Amino acid sequence: MAWLKPFQRQATHSAASAGPIQRRISLSRFRRNRDGVTAVEFGLIALPFFALLTAIIEVAMVFFAIQVLDNGVNQTARLIRTGQVQDAGMSQGVFRDELCQRIDTLFNCGERLSFDVRTFDNFGGVDLSDPLTGDNELDDDDFRYDPGDGGDIVVVRVFYEWPTMVPSFGIDRGELANGNRLLSSTATFRNEPF
């Protein structure tokens, strides 16, 4: 063991005497070392990348949901236009069930779905005013269910509160106060003379 003592002293002596030079060499080696660069770069861009990817998927889902809602509203409004709703004496609840059957692939017809069916004297008098309150909440208190008679002008408006998947990151994307997006579909037509 005596033969190790000169080496141990020399190692301690050179580390102590090198001081700032040794530190510069260590920093230089650290800057040149490229091990793990890919992992660090991925860690820096992963959050924005996945947030953007999820936002793109959400926008695509919203467009798809609007298409499904439009198709469902048009098919259900056709029941009014052709007089099937009036002939069958279809109530508001049954009409809602008919609508829900056509859009149930994407939509949960619970409390998030609201609709308004009204008749008007002429197309110029059709009221499509915004159903949102000043607090950005859906105001469906005034909604009615009046499918009309043959030859009447009818407007069917359907609203659905679509939940957002991606947190807003400070950007207010949802129209409603609870952060949900309000999807809507409208069908305006004159009933057939039944």
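It should be emphasised that the depicted structure is a prediction, and the values quoted were computed from it without experimental measurement.

Rules behind the numbers
- Residues numbered from 1 in each chain as written.
- Predicted model: local features only at pLDDT ≥ 70, side-chain atom pairs only at ≥ 80, totals over all residues.
- Heavy atoms only, no water.
- Pairing = 2+ DSSP bridges.
- Helix = DSSP H or I, 4+ residues; strand = E, 2+ residues; numbered from the N terminus.
- Axes fitted to C-alpha atoms, helices over the stretch in contact; angles between N-to-C directions.
- Contact = heavy atoms within 4.5 Å.
- 1 Å grid on protein atoms, 1.4 Å probe; cavity = no way out; pocket = protein on both sides within 12 Å on 5 of 7 lines; lining within 4 Å.
- Points joined across faces, edges and corners; volume = space filled by probe spheres on them.
- Nonpolar A, V, L, I, M, F, W, Y, C, P; charged D, E, K, R; others polar.
- Expected span 1.5 Å × (residues − 1).
- Bend = angle between axes of the 7 residues up to and from the residue.
- Buried < 20%, exposed > 50% of the residue type's maximum accessible area, 1.4 Å probe, protein only.
- Phe/Tyr/Trp six-rings, centres within 6.5 Å; stacked < 30°, edge-to-face > 60°.
- Lys NZ or Arg CZ within 6 Å of the ring centre and 35° of its normal.
- Core = buried A, V, L, I, M, F, W, Y, C linked by side-chain atoms within 4.5 Å.
- Disulfide = S-S within 2.5 Å.

1. Looking at the sheet that holds strand 3 (residues 181-190)
Consider a sheet: its strands pair through backbone hydrogen bonds, and that pairing is either parallel or antiparallel.
In step 1: Taken in spatial order, the three strands of this open sheet run 1-2-3, and their pairing is antiparallel. Here the strands that pair on one side only, and so sit at the sheet edges, are strand 1 (113-120) and strand 3. Across the sheet, the axes of successive neighbouring strands diverge by a mean angle of 15°, strand direction being ignored.
In step 2: Bridge count between strand 2 (residues 153-162) and strand 3: 10 bridges; the pairing is antiparallel. Bridge pairing links V154 to F189 in strand 3.
In step 3: Of the strands in this sheet, strand 1, strand 2 and strand 3 are in contact with helix 3 (residues 37-81), which crosses strand 3 at around 30°.

2. With respect to the layout of surface pockets
In this approach a probe as big as a water molecule rolls over the atoms, and the regions it shows empty are the leftover space.
In step 1: Considered as a void within the structure, the largest pocket measures approximately 160 Å³ in volume.
In step 2: Contributing to the lining of the largest pocket are D116, R118, F120, D127, S129, D130, P131, D139, D142, F143 and R157.
In step 3: A total of three residues in the lining of the largest pocket trace back to one element, the largest contributor, which is strand 1.
In step 4: Among the residues forming the lining of the largest pocket, the class breakdown is three nonpolar, one polar and seven charged.

3. A closer look at helix 3
In step 1: Between its first and last C-alpha atoms helix 3 spans 65 Å; for 45 residues at 1.5 Å apiece the expected length is 66 Å, and the two agree.
In step 2: The largest bend in helix 3 is about 45°, located at I45, with the proline P48 one to four residues further on.
In step 3: Among the residues of helix 3, those classed as buried are A46, E58, V62, A65, V68, L69, G72, V73, T76, A77, L79 and I80.
In step 4: Those residues of helix 3 hidden inside the fold are in contact with helix 4 (84-88), helix 5 (92-103), strand 1, strand 2 and strand 3.
In step 5: Just downstream of helix 3 lies G83, where phi reads positive at about 85°.

4. Quick look at the pairing of strand 1
In step 1: Across the eight residues that make up strand 1, a large majority, seven, are buried.
In step 2: Direction of pairing for strand 1 relative to strand 2: antiparallel, over a ladder of eight bridges. Looking at the pairing, L113 lines up with Y160 of strand 2.

5. Looking at the packing of aromatic side chains
To describe a pair of aromatic rings, one takes the distance between the centres and the angle between the planes.
In step 1: On inspection of all chains with the given rule, the structure shows nine aromatic pairs.
In step 2: Each member of the aromatic cluster is reached from another via a ring pair, and the members are F42, F49 and F50.
In step 3: Over the aromatic face of F189 sits the side chain of R81, whose NZ or CZ is 5.3 Å from the ring centroid.

6. Comments concerning the nonpolar core
In step 1: In this structure, F95, F107 and V156 are the most contacted members of the largest nonpolar core, which totals 28 residues.
In step 2: Secondary structure elements with two or more residues in this core: helix 3, helix 5, strand 1, strand 2 and strand 3.
In step 3: In terms of residues, this core owes the most to one element, helix 3, which gives eight residues.
In step 4: What V156 contacts, discounting residues up to four positions off in sequence, is V73, A77, I80, F95, D116, V117, S185, T186, A187 and F189.
In step 5: Counting five residues, the second largest nonpolar core, distinct from the first, contains L138, F159, L176 and L182.

7. Considering the state of the cysteines
In step 1: One pass over the full model with this rule turns up one disulfide.
In step 2: One disulfide in the model links C100 with C109; its S-S distance is 2.3 Å. Looking along the S-S bond of the C100-C109 disulfide, the torsion reads about -120°, which is the left-handed sense. Note on accessibility: C100 and C109 belong to one class, buried.

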